Amino acid sequence: MAKTRAQLNREVRVEALRQQLANQKHVEHVVDWINEMANPATSEERLFQLNVVVSQTLKLVNKYLPDLKAIEMNIEGEAKQYVISSEPIDAEQWERIYSLEAPSGATESVN
């Protein structure tokens, strides 16, 4: 299905916003703040401030760049496993390993 003009415009705006957030280096700042929080010489008041700033910055970043865990894919079908070997095998060995008559797939290891 073709995308509407509004959908295309939205994609452009979202990508521009992602680029702007990346250029502002929010994630790098969060890492610096966490390192500062790990410093034992940091006062409790500064720790509280850093905690608030880190949580708010991460909320901003996660709004437009969601965690990979939040993106799930539902793939239906059969998963196939391919075995790659550096040594060639003959027809008999291939049949023994990859026989369709074996109920559990491969019956022995190539390597």
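Look a little higher up for the structure.
Overview of the structure. Just so it is clear, the model here is predicted, and its values are computed rather than measured.

A tally of helices and strands in the protein chain yields four helices and zero strands. Traced from its N-terminal end to its C-terminal end, the protein chain shows the element sequence α-α-α-α. The 111 residues of the protein chain split such that 11% are buried. Here the contacts in the protein chain between residues at least 6 apart in sequence split such that 42% fall between residues at least 24 apart. Put simply, the protein chain shows about 10100 Å² of open surface, and 55% of that area lies on carbon and sulfur atoms.

Glancing now at unusual backbone geometry. The backbone of lysine 25 sits at a positive phi, close to 55°, despite the residue not being glycine. Mapped onto the elements of the fold, lysine 25 is located in the loop between helix 1 (5-23) and helix 2 (26-38).

Our next topic: the side chain of threonine 57. Along the chain, the position of threonine 57 falls in helix 3 (residues 44-64). One polar contact links the side chain of threonine 57 to the main-chain carbonyl oxygen of valine 53, over a distance of 2.7 Å. Beyond its immediate sequence surroundings of up to four residues, threonine 57 is in contact with His26, Val30 and Trp33.

Turning our eyes to something else, we now look at the environment of leucine 21. Checked against the element boundaries, leucine 21 lands in helix 1. Distance from leucine 21 to valine 61, taken between C-alpha atoms, is 7.4 Å for residues 40 residues apart in sequence. Among residues more than four places away in sequence, those in contact with leucine 21 are His26, Leu60 and Tyr64.

Bringing the packing of helix 2 against helix 3 into the picture now. Two quantities define a packed helix pair, namely the angle between the axes and the distance from one axis to the other. At a minimum axis distance of 10 Å, the contact between helix 2 and helix 3 shows a crossing angle of 155°. What the angle tells us is that helix 2 and helix 3 run roughly antiparallel. In the crossing of helix 2 with helix 3, the sense of the turn from one axis to the other is left-handed. For the pair helix 2 and helix 3, contact is made by His26, Val27, Val30, Trp33, Glu36 and Met37 and by Arg46, Leu47, Leu50, Asn51, Val53, Val54, Thr57, Leu58, Leu60 and Val61, respectively.

Turning our eyes to something else, we now look at the environment of valine 30. By the element assignment, valine 30 lies in helix 2. Measuring from C-alpha to C-alpha, the distance between valine 30 and leucine 50 comes to 9.1 Å, with 20 residues separating the pair along the chain. Here valine 30 is in contact with Val54, Thr57 and Leu58, once residues within four sequence places are set aside.

On to the pattern of salt bridges. A full pass over the atoms with the stated rule returns two salt bridges. Note that lysine 3 is salt-bridged to glutamate 11, the shortest N-O span being 2.3 Å. Lysine 3 gets classed as partly exposed once you look at its relative accessible area, which sits at 47%.

The rules behind these values
Residues numbered from 1 in each chain as written. Predicted model: local features only at pLDDT ≥ 70, side-chain atom pairs only at ≥ 80, totals over all residues. Heavy atoms only, no water. Helix = DSSP H or I, 4+ residues; strand = E, 2+ residues; numbered from the N terminus. Buried < 20%, exposed > 50% of the residue type's maximum accessible area, 1.4 Å probe, protein only. Contact = heavy atoms within 4.5 Å. Areas by Shrake-Rupley, 256 points an atom, 1.4 Å probe, with all protein chains shown as cover. Polar contact = N/O pair within 3.5 Å; in protein donor to acceptor, adjacent residues only side chain to side chain. Axes fitted to C-alpha atoms, helices over the stretch in contact; angles between N-to-C directions. Parallel < 35°, antiparallel > 145°, perpendicular 65-115°, else oblique. Left-handed = near helix turned anticlockwise from the far one by under 90°. Salt bridge = Lys/Arg side-chain N within 4 Å of Asp/Glu carboxyl O.

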